[in-house]
Amino acid sequence: QVQLVESGGGLVQPGGSLRLSCAASGSILSIYAMGWYRQAPGKQRELVASITSSGSTNYADSVKGRFTISRDNAKNTVTLQMNSLKPEDTAVYYCNANLRTTMGGRRNDYWGQGTQVTVSS
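For clarity, every value in this text was computed on a predicted model and none was experimentally measured.

About the thresholds
- Residues numbered from 1 in each chain as written.
- Predicted model: local features only at pLDDT ≥ 70, side-chain atom pairs only at ≥ 80, totals over all residues.
- Heavy atoms only, no water.
- Salt bridge = Lys/Arg side-chain N within 4 Å of Asp/Glu carboxyl O.
- Buried < 20%, exposed > 50% of the residue type's maximum accessible area, 1.4 Å probe, protein only.
- Disulfide = S-S within 2.5 Å.
- Helix = DSSP H or I, 4+ residues; strand = E, 2+ residues; numbered from the N terminus.
- Core = buried A, V, L, I, M, F, W, Y, C linked by side-chain atoms within 4.5 Å.
- Contact = heavy atoms within 4.5 Å.
- Pairing = 2+ DSSP bridges.
- Axes fitted to C-alpha atoms, helices over the stretch in contact; angles between N-to-C directions.
- Phe/Tyr/Trp six-rings, centres within 6.5 Å; stacked < 30°, edge-to-face > 60°.
- Lys NZ or Arg CZ within 6 Å of the ring centre and 35° of its normal.

Caption draft 1: Inspection of the pattern of salt bridges at higher detail. Throughout the structure, instances matching the rule amount to 4 salt bridges. Here aspartate 61 makes a salt bridge to lysine 64, at a shortest N to O gap of 3.1 Å. With relative accessibility at 64%, the residue aspartate 61 sits in the exposed group.

Below you can see the structure in the form of structure tokens.
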């Protein structure tokens, strides 16, 4: 029904940059918000950044000033530009979309498969 495809993960040295992208496709009626979550070993999944279709953003305190989230509503994509990366940013990053499908019904969350980000020297 809905697929979220992520790209851009990898290995980077501390202080480096990565850009994650996520494209949503399928029977989408409207997207209320898209965002990125991450989960490190032994930790709960946490919100990194989110953005609504109107452009309102929300960031975790730990990434403010370093990460920037953006979206292209026409393409149903969201991008996370990650700068000044730190080892503690190491995690699996998951794309999330809160949306309604063309079949109607309640607004639901959809998830990508996750992409590994490793920050290490």
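Right, picking up where we left off after that structure.
Caption draft 2: Region of the structure containing the state of the cysteines. Taken as a whole and judged by the stated rule, the model has 1 disulfide. Here cysteine 22 connects covalently by a disulfide to cysteine 95, the sulfurs 2.0 Å from one another. The disulfide joining cysteine 22 to cysteine 95 has a torsion of about -85° about its S-S bond and is therefore left-handed. Of the two residues, cysteine 22 is situated in strand S3 (residues 18–26) and cysteine 95 in strand S9 (residues 91–101); the sequence distance between them amounts to 73 residues. Comparing cysteine 22 with cysteine 95, the two get one shared label, buried.

Caption draft 3: Focus on the nonpolar core. Trp36, Leu80, Met82 and Tyr93 are the most contacted members of the largest nonpolar core, which has 31 residues in total. Broken down by secondary-structure element, the contributors of at least two residues to this core are strand S1 (2–7), S3, strand S4 (28–39), strand S5 (46–52), strand S7 (67–72), strand S8 (77–82), S9 and strand S11 (115–119). Element by element, the count of residues in this core is highest for S9, at 5 residues. Contact partners of tyrosine 93, with chain neighbours within four places excluded, come to Glu6, Leu20, Trp36, Tyr37, Arg38, Val48, Phe67, Leu80, Met82, Gly114, Thr115 and Val117.

Caption draft 4: Molecular detail of the environment of proline 14. Here proline 14 is to be found in the loop between strand S2 (10–12) and S3. Spatially, the C-alpha atom of proline 14 lies 6.0 Å from that of serine 120, the residues being 106 residues apart in sequence.

Caption draft 5: Examining unusual backbone geometry more closely. Although it is not a glycine, asparagine 76 sits at a positive phi angle of roughly 55°. Take asparagine 76: it is sitting in the loop between S7 and S8. When its relative accessible area of 23% is taken as the criterion, asparagine 76 is described as partly exposed.

Caption draft 6: Structural view of the sheet that holds S1. An order of S1-S3-S8-S7 is seen for the 4 strands of this open sheet, with the pairing classed as antiparallel. Each edge of the sheet is formed by a strand with only one pairing partner; in this case those strands are S1 and S7. Neighbour-to-neighbour, the strand axes of this sheet turn through a mean angle of 15°, independent of strand direction. Where S3 and S8 come together, 6 bridges link them in antiparallel fashion. Its bridge partner lying in S8, leucine 18 is registered against methionine 82.

Caption draft 7: Structural view of the packing of aromatic side chains. Going through the model one piece at a time under the given rule, you end up with 1 aromatic pair. Arranged with centres 5.0 Å apart and planes meeting at 65°, the rings of tyrosine 37 and tryptophan 111 form a pair that is edge-to-face. Residue tyrosine 37 is found in strand S4, and its partner tryptophan 111 is found in strand S10 (residues 108–111); the two are separated by 74 residues along the sequence. Judged by relative accessible area, which is 23%, tyrosine 37 ranks as partly exposed. Using a relative accessible area of 35% as the deciding quantity, one classes tryptophan 111 as partly exposed. Between the NZ or CZ atom of arginine 45 and the centre of the ring of tyrosine 94, over which it lies, the distance is 3.8 Å. Taking NZ or CZ as reference, arginine 45 lies 4.8 Å from the ring centre of tryptophan 111, over its face.

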